[in-house]
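# Structural overview for review
For reference, the chains in residue letters:
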There are 2 protein chains.
Amino acid sequence: MTEEGTAVVRAVRGRPRSAAADRAIIGAVLRLLERGIGVGALSIEGIAREAGVGKATVYRRWPGKDELLLDVMRALDEPPPEVRGRSVREDLVEILEGLRRKGLAKRDSALLRTMMSHFHSHPRLWQEYHDTVIRARRETLHAVLRRGVAEGEIRADLDVELLGELFVGPMLSRALLHEWRELPEGLSEQIVDGVLDGARPRG
Amino acid sequence: MTEEGTAVVRAVRGRPRSAAADRAIIGAVLRLLERGIGVGALSIEGIAREAGVGKATVYRRWPGKDELLLDVMRALDEPPPEVRGRSVREDLVEILEGLRRKGLAKRDSALLRTMMSHFHSHPRLWQEYHDTVIRARRETLHAVLRRGVAEGEIRADLDVELLGELFVGPMLSRALLHEWRELPEGLSEQIVDGVLDGARPRG
DNA sequence: ACGATACGAGACGGATCCGTATCGTAAGCG
DNA sequence: CGCTTACGATACGGATCCGTCTCGTATCGT
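Under an unreviewed UniProt entry, the name given to chain A is Transcriptional regulator, TetR family, and the organism recorded is Streptomyces radiopugnans.

Following this line, the structure appears as structure tokens:
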């Protein structure tokens with residue numbers, strides 16, 4: 001957590017920072033966001049209370065709410081899953097399944113919603129979220145699509161960017177703005193096959 | 001604004017409610033949300049200040065923030081555009097163009113983001129937003145798709161629900177969670193044609 | 001004209017949060 | 001051991017908002 005920044009200044013003597021407190025604070029923020037609190041209504045006081053921690057323990061680590069949120073996002077950084085199935089179609093289904101499962105995880109979907117609404121007016125935070133969480137998955141998907149184009153499974157005359165959107169967009173819009181019931185089981189296959197085959201009747 | 005509720009009680013004598021104040025208040029809320037304020041951070045005091053109105057004038061009309069927000073949403077209720085072009089493809093492009101233009105209107109996209117993140121934990125408000133803003137457009141789209149199925153322009157073996165998602169999802173995910181640059185001019189056609197033709201090479 | 005109600009402005013006590021400071025205690029290092 | 005820093009708790013003055021209330025004025029029906 002802001003390691004380099006503080007390591008220069010902090011003396012090595014005395015009682016060391018508690019890693020448990022770090023976890024408690026970040027966990028508290030996630031819990032509050034999950035609960036639908038919203039960044040604007042997040043208070044350091046409330047976070048410390050939820051974490052069972054003194055306010056000073058928060059301020060000792062982060063100068064303010066935005067910096068804390070940056071580290072909350074970094075804490076979510078999981079590498080995107082390796083996909084290399086028997087076919088491009090299989091890989092696409094796999095990627096969408098990952099999104100679907102993430103969409104079901106209240107934590108992630110609440111976080112995404114929060115990021116989108118709050119960070120619209122905080123470009124620096126959005127940039128960080130994008131770089132941390134979104135970009136890697138996006139590039140995994142694009143790699144699969146390029147492989148599909150190379151192997152003849154995917155049309156070569158469409159922009160990879162657009163192709164990615166066609167596959168991911170339907171899943172995201174379902175997860176984000178439809179009723180928040182669980183996304184049905186076979187949805188990933190339906191989307192992948194629908195986009196692959198197209199909406200027009202074939203031959 | 002909550003007409004029926006108050007009309008019963010309010011006497012007809014005395015100075016009437018100012019419609020200008022209604023508009024000022026609702027406009028103020030929209031302006032604040034546009035600015036990225038976030039429902040959690042919205043205060044009646046701030047709204048009244050932004051509207052150039054006394055707090056009592058707000059409380060005279062609405063008992064609280066949630067009820068005010070309901071009327072803000074109702075104020076946005078425009079009937080979805082009539083579409084009946086020369087082809088189903090044309091209608092689909094038209095519908096997506098409408099979404100794209102709305103996505104460009106800061107007002108609407110900021111509002112949608114806000115609704116999504118806040119109303120996740122306020123099902124009643126979401127329900128209202130859904131019924132007011134989303135459902136009509138959704139049914140317009142589904143009607144076009146059903147017409148396409150009937151006329152043979154659209155595959156008959158796919159769920160209309162899923163088909164709609166395939167067309168609308170990509171536009172929404174672009175408007176909602178990618179960089180907030182303007183959506184490019186030809187995007188609607190690209191999406192419609194991409195989904196119609198499919199991602200797999202033909203013939 | 002007159003009575004009734006709405007208006008903008010703002011005072012009010014209570015609540016919450018801000019960021020800082022000060023407790024007594026805990027936990028490392030030499 | 002003694003030194004140093006972190007810990008949870010809590011107090012502090014200042015800020016903002018809550019929802020209600022009271023001003024003096026404005027604008028309607030009668």
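## As for the interface of chain B and chain A
In this complex, chain B contributes 48 residues to the contact, which on the side of chain A involves 48 residues. Counting across the interface, chain B meets chain A through 4 salt bridges. Across the pair Arg174 of chain B and Glu165 of chain A runs a salt bridge whose closest N-O atoms are separated by 3.5 Å. Secondary-structure elements contributing two or more residues to the side of chain B that touches chain A are α7 (106-118), α8 (123-150), α9 (160-177) and α10 (187-197) of chain B. Per-element tally for the side of chain B that touches chain A: the top contributor is α9 of chain B, with 12 residues. Each residue belonging to the side of chain B that touches chain A can be placed in one class, and the counts come to 23 nonpolar, 14 polar and 11 charged.

## Digging into the relation of the copies chain B and chain A
Superposing the two chain copies requires a rotation about an axis and a translation along that axis. Superposing chain B onto chain A requires a rotation of 180° together with a translation of 0.0 Å along the rotation axis, leaving an RMSD of 0.1 Å. What the rotation and shift describe, once combined, is the action of a two-fold rotation axis. Among all C-alpha atoms of chain B, that of Gly198 of chain B lies closest to the rotation axis, at 1.7 Å.

## A short note on α7 of chain B
Residue and element names in this part refer to chain B. End to end, α7 covers 18 Å across 13 residues, agreeing with the expected 18 Å (1.5 Å per residue, within 8%). When you tally the buried positions in α7, you get 11 out of 13 residues, the bulk of the element. Among the residues of α7, those classed as buried are Asp108, Ser109, Ala110, Leu111, Leu112, Arg113, Thr114, Met115, Met116, Ser117 and His118.

## Some remarks on the packing of aromatic side chains
All names here are of chain A. Throughout the structure, instances matching the rule amount to 2 aromatic pairs over all chains. On the basis of an interplanar angle of 50° and a centroid distance of 5.7 Å, the ring pair of Trp126 and Tyr129 is categorised as tilted. Taken together, the residues Trp126 and Tyr129, both in helix α8 (residues 123-150) and 3 residues apart, mark about one turn of the helix. When its relative accessible area of 5% is taken as the criterion, Trp126 is described as buried. On the accessibility criterion, Tyr129 (4% relative accessible area) is buried.

## Regarding the packing of helix α2 (residues 19-34) of chain B against α7 of chain B
Residues and elements named next belong to chain B. Across the interface, α2 lies against α7 with an axial gap of 8 Å and an inter-helix angle of 80°. Of the possible angle classes, the one that applies to α2 and α7 is roughly perpendicular. Each of Leu30, Leu33 and Glu34 in α2 lies in contact with α7, whose residues at this interface are Lys106, Arg107, Ala110, Leu111 and Thr114. Split into classes, the residues belonging to the contact of α2 with α7 amount to 4 nonpolar, 1 polar and 3 charged.

## As for the UniProt feature "domain: HTH tetR-type" (unreviewed entry) in chain A
UniProt records the feature "domain: HTH tetR-type" (unreviewed entry) for residues 19-80 of chain A in the present numbering. Here residues 19-80 of chain A runs as 63% helix and 0% strand, with 26 Å between its end C-alpha atoms.

## Some details on the domain arrangement of chain A
All names here are of chain A. Per the domain assignment, the segments of chain A are domain 1 (3-74) and domain 2 (88-197). Between the C-alpha centres of domain 1 and domain 2 there is a distance of 30 Å. On the domain 2 side, the residues contacting the 9 residues of domain 1 number 14 residues. Contact between domain 1 and domain 2 buries roughly 1300 Å² in total, counting both sides, with carbon and sulfur atoms accounting for 71%.

## What about the side chain of Arg155 of chain B?
Relative to the helices and strands, Arg155 of chain B is located in the loop between α8 and α9. Overall, the relative accessible area of 13% leaves Arg155 of chain B in the buried class. Among the polar contacts made by the side chain of Arg155 of chain B, one reaches the main-chain carbonyl oxygen of Gly198 of chain A at a distance of 2.9 Å. Here Asp157 of chain B takes part through its side chain, which lies 3.0 Å from a polar atom of the side chain of Arg155 of chain B. Discounting residues that sit within four places of it in the chain, Arg155 of chain B has contacts with Gly194, Asp197, Gly198, Ala199, Arg200 and Pro201 of chain A together with Val149 and Leu163 of chain B.

How each quantity is defined
- Residues numbered from 1 in each chain as written.
- Chains lettered and ligands numbered in written order.
- Predicted model: local features only at pLDDT ≥ 70, side-chain atom pairs only at ≥ 80, totals over all residues.
- Heavy atoms only, no water.
- Contact = heavy atoms within 4.5 Å.
- Salt bridge = Lys/Arg side-chain N within 4 Å of Asp/Glu carboxyl O.
- Helix = DSSP H or I, 4+ residues; strand = E, 2+ residues; numbered from the N terminus.
- Nonpolar A, V, L, I, M, F, W, Y, C, P; charged D, E, K, R; others polar.
- Least-squares fit on C-alpha atoms with pLDDT ≥ 70 in both.
- Expected span 1.5 Å × (residues − 1).
- Buried < 20%, exposed > 50% of the residue type's maximum accessible area, 1.4 Å probe, protein only.
- Phe/Tyr/Trp six-rings, centres within 6.5 Å; stacked < 30°, edge-to-face > 60°.
- Axes fitted to C-alpha atoms, helices over the stretch in contact; angles between N-to-C directions.
- Parallel < 35°, antiparallel > 145°, perpendicular 65-115°, else oblique.
- UniProt positions renumbered as here; feature names shortened; annotations may be inferred.
- Domains from an automatic or database assignment.
- Buried area = accessible area lost by both parts, 1.4 Å probe.
- Polar contact = N/O pair within 3.5 Å; in protein donor to acceptor, adjacent residues only side chain to side chain.

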